[in-house]
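# Survey of secondary and tertiary structure
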Amino acid sequence: MITKTYAGKAVAVNEEGYLLDSLAWDEKIAAAIATEEGISELSPDHWKVIFYMRKAFAERGDGPSIRQLTKQSGVDTKRLYQLFPKGPAKKAARVAGIPKPHGCI
Amino acid sequence: MKNLVILGAGTAGTIMANKLHHRLDHAEWQITIVDRSALHYYQPGFLFIPFGLYQPEQVVRNKTDFLPAGARFVIGEVDRIEPEHNQVLLANGEILLYDDLIIATGVDIHPEETEGLKGRLWRTSIFDFYTLDGAVALARALKDWPGGRLVVNITEMPIKCPVAPLEFVLLADDFFRLRGIRDKVDLHFVTPLPGAFTKPKASARLGGLLAAKGVRVTPDFSIARVDEDNQTIVAWDDQAVPFDLLVTIPTNKGDAAIARSGLGDELDFVPTDKHTLRSSQYPNIFAIGDATNLPASKAGSVAHFESDVLTENLLSAIAGQPLAAQFDGHVNCFIESGAGRGLLIDFNYEVEPAPGKFPLPGVGPFSLLKETRLNHFGKLAFRHIYWNLLLPGHAMPLVHSHMSLVGKDLS
């Protein structure tokens, strides 16, 4: 098991850096992971996506795909790629402290 | 009389009809299978058509040649499924009542989902090879193409046969070499994935193969639209890639009848238990093959492996017993790599493709994750196996529905 320290808190992560326990997450951890992903500041739109990701994961047990994000988070695709460059679904999932979505097979 | 209805007479539906015809009591059960087309396409063969390696007639047969004589075959469009009433409504007004339903309606390409893809450049400088029409049109375009920028682009995942776009690029390299114009062609593979393939180890191996053949790879590219005036594909983050010829793998979606029935997810795939293959919503509905939302590749081998599990589970469900058979996500694919060579990969939900021998550990004759001549012949022989063993529902010698770890190097 890999342990990483974000915002002074030790958390268990998998080999790709995703939190193993979504309940160990807090907003400070999110900000620290975002910095690692090259996102220097989390805007209100970032948080909107992050909280939608967590809600979707709590309800369905899997993170949403980009299509679900676009349809249901209230943030359009273009904006999603600005917020989380190169892979909104997988990056937002990591920042939101949930597992990588199963979308990519 | 009880009714088993199968929607879709492609690879998965045809195998299920044959297997269940052998296993169900004919005095008690009527099998009805519905499809919009009377023709069965050997879809893995589409890949070879653009390069003139296969002719269209080699990949088309009549569906009735492969369906059991006792089953009723209905050619028609499904309007919708009404699960609350255990019935299927056809577009011609006919109603099919069912006791158990198998959804095997597959996926299709939807270029209209991406702005500019199906516009004025469609089939003049933008082509697909996931339909027979598309593959034939592309063959015509490639025959006398003088060279230039050939871009192969995957729109979004998941797609049917995720290795086919790679095979296309590798075969294109070969094709242009033989035509003596390889130096005039810039081959460019543009994908939304972080690398050449979905699984890291195979991705590294296949990425190396592309590099060795001088294929440029642009990963992490999610197409937003085609700029028709400038002949470029433009990503959501404004990256742009110019093309002279674009070979697109458009968005893949499940059948529209699934959406009309309210049974699909955002891409019209049927939410399905990944181990039992029962619908997540209705106990007397099952789904198989490309139509499901399973986190496995959409491929004929998957449909074939699933058919063993689904047959057992459907018989258990009919007998009122728990569903004991479990699908492990087994995928087995030959990858054509050009110049008469090929690779073979074998993996499941949990275990990535690994090197080794297949199907006999240490013996083979096929080599996993390695380019060999024999793998290429395996791929070619598979067309005959498909028509004569796989579709009729016969067991494949030495190949099992559950993946084996024996003989694989998992380090």
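In this text, all values refer to a predicted model and were calculated from it rather than measured experimentally.

## Things to note about the overall build of chain A
Broken down by element type, chain A carries five helices and two strands. Along the first, second and third principal axes, the C-alpha set of chain A runs to 35 × 25 × 20 Å. The burial tally for chain A puts 36% of its 105 residues in the buried class. Within chain A, contacts between residues at least 6 apart in sequence are counted, and of these 51% link residues at least 24 apart.

## With respect to the confidence of the model for chain B
In this model, chain B carries a mean pLDDT of 95, and residues with pLDDT of at least 70 account for 100%. Interface predicted TM-score (ipTM) for the complex: 0.83; the corresponding pTM is 0.93.

## Details of helix 2 (residues 44–60) of chain A
Residue and element names in this part refer to chain A. Across its 17 residues, helix 2 extends 24 Å between first and last C-alpha, which sits within 8% of the 24 Å expected from 1.5 Å per residue. Within helix 2 the residues assigned to the buried category are H46, V49, I50, M53 and A56. Within helix 2, the buried residues cover an arc of 130 degrees as seen down the axis, which keeps them to one side. Among the exposed residues of helix 2, those pointing more than 90 degrees away from its buried face are P44, A58 and E59. Along its buried surface, helix 2 packs onto helix 1 (27–36), helix 3 (66–72), helix 4 (77–83) and helix 5 (88–95).

## Brief notes about the domain arrangement of chain B
All names here are of chain B. Segmentation of chain B into domains returns domain 1 (2–51 + 59–106 + 255–318), domain 2 (109–251) and domain 3 (331–390). Computed over C-alpha atoms only, the centres of domain 1 and domain 3 are separated by 27 Å. At the junction of the two partners, domain 1 supplies twelve residues and domain 3 supplies nine residues. Grouping the amino acids of the side of domain 1 that touches domain 3 by side-chain chemistry returns seven nonpolar, four polar and one charged.

## Focus: the interface of chain B and chain A
With 13 residues of chain B at the contact, the number on the chain A side is 14 residues. Classifying every residue of the side of chain B that touches chain A by side-chain character gives seven nonpolar, three polar and three charged.

## Considering the pairing of strand 16 (residues 232–235) of chain B
Successive residues of a regular strand alternate their side chains across the two faces of the sheet. All names here are of chain B. Because side chains alternate across strand 16, one face comprises the buried residues I233 and A235, and the other comprises T232 and V234, none of which is buried. Relative to strand 16, strand 15 (residues 223–227) runs antiparallel, the two being bridged by four bridges. Along strand 16, the bridge assignment pairs V226 with I233. Counted along the chain from strand 15 to the antiparallel partner strand 16, the turn is four residues long, and its residue Q231 has a positive phi close to 45 degrees.

Calculation notes
Numbers given to residues run from 1 along each chain, matching the order in which its sequence is written. Working convention: letters from A go to chains and numbers from 1 go to ligands, in the order in which they are written. Only residues with pLDDT of 70 or above have their local features reported here, since the model is predicted, and side-chain atom pairs are shown and tallied only from 80 upward, although totals for entire chains, interfaces and linings are computed over all residues. Comment: elements are numbered from the N terminus, with helices defined as DSSP H or I runs of at least four residues and strands as E runs of at least two. Partly exposed residues are those whose C-beta has more than 12 but fewer than 20 other C-beta atoms within 10 Å; with 20 or more the residue is buried, with 12 or fewer it is exposed, and the C-beta atoms are placed from the backbone. In this description, a residue-residue contact is defined by the distance between C-beta atoms placed from the backbone, which must lie within 7 Å. For every residue, the predictor states its confidence as a pLDDT score lying anywhere from 0 to 100. Multiply 1.5 Å by the residue count of a helix minus one, and that product is the helix's expected span. Within this analysis, the arc is defined by the directions that extend from the helix axis to the C-beta atoms. Domain boundaries shown here were taken from an automatic or database domain assignment. In this count, Pro and Cys sit with the nonpolar residues alongside Ala, Val, Leu, Ile, Met, Phe, Trp and Tyr, while Asp, Glu, Lys and Arg are called charged and the others, Gly among them, polar. Two strands are counted as paired when DSSP detects at least two bridges linking them.

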